[in-house]
Every structure is written in C-alpha cells, then in structure tokens.
Amino acid sequence: MNLLDSIDQTNLPKHLAIIMDGNGRWAKQQGFLRAFGHENGTKSVKKTITTCAKLGIEYLTLYAFSTENWNRPKFEVDMLMKLLVKALKKEVKSLHENNIKLNAIGNLDLLPSSVRKELTEVLEKTKNNTRLTLSLALSYGSRNELL
C-alpha cells in the first residue's frame, strides 16, 4: 500500500506551515559546506509541495528566509538568493502544470531586484491556479508581522 493511500484525507488541516531551518547545520555536521545543505533542502521542498497538493491541502506556507537571515555572511545570503531564483525558474512550469498558485509574503522590497523580478513572473504565471496556494515567507520577521 502507498503511504499516501494510508492517510485519512478527511482529517487533514487546510493550511500547513513549515519553518525551513537546519539545512546548513545538517550539511556542516556531515562535513559539507552549508550551501550543500541548502541545495539539498530544495529537493525536500519539492516533495513537500507535491505531497500536499496530492493530499488536498489547500494552503502551504514555507517560512524560507527571515529578516534575521540578512545577518548571515554576504556570500551565504547571495547564494540563498541565487538558489531561490534557480528554484523559481526550474519549478514554474511544474507549479503551473500542477495547478499550484505561488504567493509571497514578507518585506519583499528588501529582496534583490533579480529575485523580485523572477518572483513577480512566477506569481503572475500561477495567479489563477487553484489546487494549492503555496506562500513563500521571504524577509519576514515576527515583530514586523505583529505590527
């Protein structure tokens, strides 16, 4: 029996939120660069998104990059931003084919222009999709969100 088939889909939340944390530490513990952990994390994210869509979860929020993350070393922040653009470019077709709408929350004005440009394009291409709404929390902070 498939694991998805064994899940009672009538008893699932409508909205699932995940704080994406620990990829860099995991890579370091394995003797790899932090970037390796972040890159591998994208594979888990893709599986999570497709599984949520298959299960009928309506909303998935991924807390991906907090305002505190801006304090990381510049090369790591740059790498994370490049990884985000790469993932958006790579997955836009899949999001659209799977009827997944992308949404973004947080202080998006702080993102580099290349990230905002790619993000805007994917938001536009998926705006009418209805199977799952995927929200990326980018440059978010709990204090700012409360205000």
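Everything here concerns the structure above.
Quick caveat: nothing in here was measured; it's all calculated off a predicted structure.

All right, on to the layout of surface pockets then. Its boundaries defined by the atoms lining it, the largest pocket holds a volume of some 1,100 Å³. The set of elements that each furnish at least two residues to the lining of the largest pocket consists of helix H1 (23–29), helix H2 (34–55), strand E2 (59–66), helix H3 (74–97), strand E3 (100–105) and strand E4 (132–140). Here the lining of the largest pocket gets 13 residues from one element, more than from any other, and that element is H2. Here the lining of the largest pocket is composed, by residue class, of 23 nonpolar, 14 polar and 10 charged.

Looking now at H3. Taking 1.5 Å of rise per residue, the 24 residues of H3 would be expected to cover 34 Å, and the 35 Å separating its terminal C-alpha atoms lies within 8% of that figure. Glutamate 91 marks the point of greatest bend in H3, at about 50 degrees. Those residues of H3 that sit buried are Glu76, Val77, Leu80, Met81, Leu83, Leu84, Val85, Leu88, Glu91, Val92 and Leu95.

What follows concerns the sheet that holds E3. The strand order across the open sheet built from 4 strands is E1-E2-E4-E3, with neighbouring strands paired in parallel fashion. Two strands close off the open sheet at either side, each with one partner strand: strand E1 (15–19) and E3. Across this sheet, the average inter-strand angle for adjacent strands is 20 degrees, counted without regard to direction. With 7 bridges joining them, E2 and E4 adopt parallel strand pairing. Paired with phenylalanine 65 across the strands is leucine 138, a residue of E4. Those strands touched by helix H4 (residues 113–126) are E3 and E4, and its axis lies near 140 degrees from that of E3.

The rules we used
- Residues numbered from 1 in each chain as written.
- Predicted model: local features only at pLDDT ≥ 70, side-chain atom pairs only at ≥ 80, totals over all residues.
- Heavy atoms only, no water.
- 1 Å grid on protein atoms, 1.4 Å probe; cavity = no way out; pocket = protein on both sides within 12 Å on 5 of 7 lines; lining within 4 Å.
- Points joined across faces, edges and corners; volume = space filled by probe spheres on them.
- Helix = DSSP H or I, 4+ residues; strand = E, 2+ residues; numbered from the N terminus.
- Nonpolar A, V, L, I, M, F, W, Y, C, P; charged D, E, K, R; others polar.
- Expected span 1.5 Å × (residues − 1).
- Bend = angle between axes of the 7 residues up to and from the residue.
- Buried < 20%, exposed > 50% of the residue type's maximum accessible area, 1.4 Å probe, protein only.
- Pairing = 2+ DSSP bridges.
- Axes fitted to C-alpha atoms, helices over the stretch in contact; angles between N-to-C directions.
- Contact = heavy atoms within 4.5 Å.

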